[in-house]
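Letter by letter, the chains look like this.
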Amino acid sequence: MLYMGNVNRIIFWVFIPSALLFYIVFRVVVWQAYDDGGRQLITEQHALNLSVRDDIDCLILGGSNAVFSLSAEQMSNQSNFTCYNLSLLNEGNSDAVYYDFIRNLKIERTQIKSVMYSSVYPLSSKSFLQRLKDNQMQIGISGDNNFQFSGRSLASYLKGFLQGKGLFQHVQYPMPTHSGDFNFDEYDSCQQDKIRDDWRLVTIDEDFKQWLGDNLLTFSTLFPNANISFVLPSTFRSQVSEDDFVKFSDTLESVVVGNSANYIAQSSFSDVSVLCDGTHHANANGREIRTSELLLLMQNR
């Protein structure tokens, strides 16, 4: 019994405090090692690009689906517009932050004639719910880098380390081109073998309608002379039947049109060969295909 008492005291006074201290130190190290993947630098490059452009009359807005999968340069070459891709990874991480970023740019907003807002949130119920939470917290463009006691587990970091990835390895995104497009020549992180389609369509309820309506109203206010189009992006959709998707798209269209915007639904990607690292992230070839289709849909609208 005396032996067991000593063991219990060691566990209570030595092991538990040591484990707690180690965990706190680990979380501090993770906090200090935070890397936004170049997100803040990308916004600064966008601002610099636009500060020397006075010919832009067309904008692409949205999240990473548009960052990877739409080309403003191609649209400019194949239409009468001069376009710029102002989409941001994760749509700037929260709506208010994205709006403020656009407001503070040196761009003649009354000159913009066409805005294409391409958002993947209607296609991912999980991502949409997270967006609402991020909006409440007003997460910044660089992401949530506040100190937290929770997060990725130590085991996940060790797994990555044993796989040769390093404890704190982060994907670095390239600076945008002169047209704001993603520069695939400077990106070597496409991993088609890891693409998984596990998305579920959002429920078009009052929360979703409010979110979408607020965004469309904000963009129409920011660009009062622009034709606003909501673009349902191409993704690799293997988990949703065509009938269910058509019904969903029809309902979504009624919401968009009810907010005085145009609605454009793009077709699904045929297979993963045209993707980079996600069901909504095209590679250079897939980007050309999706951009060509969007141009055709706009012309036939």
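Keep in mind that what you see is a predicted model, and the values were worked out from it rather than measured.

Conventions used here
- Within every chain, residues take consecutive numbers counted from 1 along the sequence as written.
- Thresholds applied to this predicted model are a pLDDT of at least 70 for local features of residues and 80 or more for the giving and counting of side-chain atom pairs; totals over whole chains, interfaces and linings are not thresholded and use all residues.
- Calculated side-chain values reflect all of the structure's heavy atoms, with hydrogen atoms and water omitted.
- Secondary structure follows DSSP: runs of H or I at least 4 residues long count as helices, runs of E at least 2 residues long count as strands, and numbering of each begins at the N terminus.
- Think of it in three bands: residues with accessible area under 20% of the maximum for their type are buried, residues over 50% are exposed, and the middle band is partly exposed, with areas taken using a 1.4 Å probe on protein chains only.
- Surface exposure here means Shrake-Rupley accessible area, sampled with a 1.4 Å probe, where a residue is shielded only by the protein chains that are shown.
- Between N-to-C directions, angles span 0 to 180 degrees; the directions come from axes that are lines fitted to C-alpha atoms, helices contributing only their stretch in contact.
- Roughly parallel here means an angle under 35 degrees, roughly antiparallel means over 145, roughly perpendicular means 65 to 115, and every remaining angle is called oblique.
- Any two residues whose heavy atoms approach within 4.5 Å at even a single point are treated as in contact.
- Three classes are used: nonpolar for Ala, Val, Leu, Ile, Met, Phe, Trp, Tyr, Cys and Pro, charged for Asp, Glu, Lys and Arg, and polar for all others, with Gly counted as polar.
- Two strands pair if DSSP finds at least two bridges between them.
- Only rings of Phe, Tyr and Trp enter the pairing, Trp through its six-membered ring, and a pair is recorded when the two centres are within 6.5 Å. The plane angle decides the type: under 30 degrees is stacked, over 60 is edge-to-face, the rest tilted.
- When the NZ atom of lysine or the CZ atom of arginine is within 6 Å of a ring's centre and also within 35 degrees of its normal, the charge is said to sit over that ring.
- With strands facing away from the observer, any crossover in which the path from the first strand over the helix to the second runs clockwise is taken as right-handed.
- Within this scheme, the nonpolar core is defined by two criteria: the residues are buried Ala, Val, Leu, Ile, Met, Phe, Trp, Tyr or Cys, and they are joined through side-chain atoms within 4.5 Å.

> How do you make sense of the overall build of the chain when you look at a structure like this?
Check the secondary structure of the chain and you find 10 helices and seven strands. By the burial criterion, 45% of the 301 residues in the chain qualify as buried. Just so you have it, the chain exposes about 16000 Å², and 54% of that area is on carbon and sulfur atoms.

> Mind showing me how you'd approach the packing of helix H5 (residues 95-103) against helix H8 (residues 206-222) here?
Look at H5 against H8: their axes get within 11 Å of each other, and the N-to-C directions meet at 5°. Judged by the inter-axis angle, H5 sits roughly parallel to H8. Note on element contacts: H8 touches H5 through Trp211, Asp214, Asn215, Thr218, Phe219 and Leu222, opposite Asp95, Tyr99, Ile102 and Arg103. Residues of the contact of H5 with H8, tallied by class, amount to five nonpolar, two polar and three charged.

> What's the story with the sheet that holds strand E1 (residues 58-62) in this structure? I'm lost.
Whether parallel or antiparallel, the strands of a sheet pair through hydrogen bonds between backbone atoms. Read from one edge of the open sheet, five strands run E2-E1-E3-E4-E5, paired in parallel fashion. The open sheet has two edge strands with one neighbour each: strand E2 (83-85) and strand E5 (262-265). Adjacent strand axes in the sheet meet at a mean angle of 20°, parallel and antiparallel pairs treated alike. With three bridges connecting them, E1 and E2 associate as parallel partners. Looking at E2, one finds that cysteine 58 is bridged to cysteine 83.

> Teacher, can you tell me more about the environment of alanine 96 here?
With respect to the helices, strands and loops of the structure, alanine 96 is situated in helix H5. Along the primary structure alanine 96 and glutamine 138 are separated by 42 residues, whereas in three dimensions their C-alpha atoms are 6.8 Å apart.

> What is the right way to look at the packing of aromatic side chains in this model?
Across all of its chains, the model carries 15 aromatic pairs by this definition. Aromatic side chains phenylalanine 182 and tyrosine 187 sit 5.1 Å apart centroid to centroid with 80° between the ring planes, which places their arrangement in the edge-to-face category. Summarising the burial analysis for this pair, phenylalanine 182 and tyrosine 187 share the class buried. Among the aromatic residues, those joined into a cluster by ring pairs are Phe68, Tyr173, Phe182, Phe184 and Tyr187. The ring of phenylalanine 245 is capped by arginine 237, whose NZ or CZ atom sits 3.9 Å from the centre of that ring.

> What am I meant to see in the pairing of strand E4 (residues 227-232) here?
Look at any regular strand and the pattern is simple: side chains alternate between the two faces of the sheet. Most of E4 is tucked away: five of the six residues are buried. By the bridge criterion, five bridges tie strand E3 (residues 114-118) to E4 in an arrangement that is parallel. Pairing of valine 115 across the sheet is with isoleucine 228, part of E4. Inspection of the sheet shows E4 paired to E5 by four bridges, in the parallel sense. Opposite serine 229, over in E5, you have asparagine 262 as the bridge partner. Tracing the backbone out of E4, into helix H9 (residues 242-258) and back to the parallel element E5 gives a crossover that is right-handed.

> What is the right way to read unusual backbone geometry from this model?
Excluding glycine, most residues fall at negative phi; most peptide bonds, likewise, are trans. The phi torsion at asparagine 90 lies on the positive side, around 60°, for a residue other than glycine. Unusually for a residue other than glycine, serine 260 sits at a positive phi of about 60°. Tracing the sequence through the fold places serine 260 in the loop between H9 and E5. Overall, serine 260 belongs to the exposed group, its relative accessible area being 71%.

> Whenever I open this one, the nonpolar core confuses me. Can you help?
Nonpolar side chains in soluble globular proteins tend to end up buried together. In this structure, Leu61 and Leu252 are the most contacted members of the largest nonpolar core, which totals 43 residues. Broken down by secondary-structure element, the contributors of at least two residues to this core are E1, H5, E3, H8, E4 and H9. Top element by residues in this core is H8. It accounts for six residues. In this structure, leucine 61 is in contact with Ala66, Leu86, Ser87, Tyr98, Ile102, Val115, Met116, Tyr117, Ser118, Phe219 and Phe223, ignoring residues within four places of it in sequence. Formed by 13 residues, the second largest nonpolar core is a distinct cluster that contains Ala66, Ala72, Leu294 and Met298.

Take it as geometry only, folks, not as evidence of what the structure does.
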